[in-house]
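Secondary and tertiary structure notes
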Amino acid sequence: MATEPKTAPAPPATAVARDAHWAAKLARLRARQLPEYRLVICDDQDAKQHLDETLRDLARCRMADADNGREYSDATAKAEAEVETAQEMFDCVAVELTFRALPRPILDGLIKRFPPTEAQAEDGDAWNPETFPAALIAAAHIERDDEHNAVEGMSEEDAQDLLDSWPVAESNALFAAAWRAQQIVRTSTVELGKG
């Protein structure tokens, strides 16, 4: 007598649907891009001031439109064009540095690579403030070419040179930009009521 091969029972349809739903959600979670933070440096104070003035003028025009029940006025259109021109001028003279959040194991490893001295640890430092900033700046810096492809960026030596040669407020801003990229939160929570 021939025996028929045994087949595994089909999984319940609800379980299959649930697995597909979770697989799709997990794929989206894994595909997320790491957050980025930009530091804009402009040594041309005239270009910066001009951009700021045109932005204030545009805000005043929009407020006047709202106060007078208009959706859009000729003055607002002119102010928008002036902002666009001022922004283009500003962009030509400004330098932008982009920093990307590091995956947690990489950031943890970087912190471990630059532990504080005993004295620094007693002062509450979690890393060596003399060596960690340049390493973080270099690790987090993302440089892109004109086609937006990632290219070689800042080295630790480059970062240390900038930190050492810039005024204290600007070197602090450079480190703060790299650190802020690590602190960007793109999540929110929803408190569920009692069921």
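Residues numbered from 1 in each chain as written. Predicted model: local features only at pLDDT ≥ 70, side-chain atom pairs only at ≥ 80, totals over all residues. Heavy atoms only, no water.

**So, the environment of Cys61**
The test is simple: Segments assigned H or I by DSSP are reported as helices when at least four residues long, segments assigned E as strands when at least two residues long, and all are numbered from the N terminus. A 1.4 Å probe rolled over the protein chains alone gives each residue an accessible area, and that area as a share of the maximum for its type sets the label: buried under 20%, exposed over 50%, partly exposed in between. The contact rule is simple, with two residues in contact once any of their heavy atoms fall within 4.5 Å.
Secondary-structure assignment places Cys61 in helix α2 (residues 45–67). Given a relative accessible area of 18%, Cys61 falls into the buried group. Sequence-wise, Cys61 and Gly193 are 132 residues apart; in three dimensions their C-alpha atoms are separated by 45 Å. Setting aside its immediate chain neighbours within four residues, Cys61 contacts Ala75, Thr76 and Ala79.

**Here we look at the sheet that holds strand β1 (residues 36–41)**
Rule in force here: Only when DSSP finds a minimum of two bridges between them are two strands counted as paired. Helix axes use the C-alpha atoms of the stretch in contact, all axes being lines fitted to C-alpha atoms, and the angles between their N-to-C directions lie in the range 0 to 180 degrees.
As summarised here, the arrangement of the 4 strands in space is β1-β2-β3-β4, forming an open sheet in which the pairing is antiparallel. The open sheet has two free edges, formed respectively by β1 and β4 (150–151), since each of these has just one partner strand. Bridge count for strand β3 (residues 141–144) against β4 is 2 bridges, and the pairing is antiparallel. Across the sheet, residue Arg144 finds its bridge partner in β4, namely Ala150. Sheet strands in contact with helix α6 (residues 132–140) are β2 (95–100) and β3, and its direction is about 35 degrees off that of β3.

**Digging into unusual backbone geometry**
In this structure, His148 takes a positive phi of about 70 degrees despite not being glycine. For His148, a relative accessible area of 62% puts it in the exposed group.

**A look at the nonpolar core**
Where a protein is soluble and globular, its nonpolar side chains tend to be buried together. Put simply, the rule is: Take the buried Ala, Val, Leu, Ile, Met, Phe, Trp, Tyr and Cys residues and link them wherever side-chain atoms come within 4.5 Å; each set so joined is a nonpolar core.
By size, the foremost hydrophobic cluster in this structure holds 23 residues, and its most contacted members are Phe99, Leu110, Phe132, Leu136, Ile137 and Leu174. Here this core takes 6 residues from α6, the largest share from any one element. Cys42, Leu51, Phe90 and Ala94 belong to the second-largest nonpolar core, a separate cluster that totals 5 residues.

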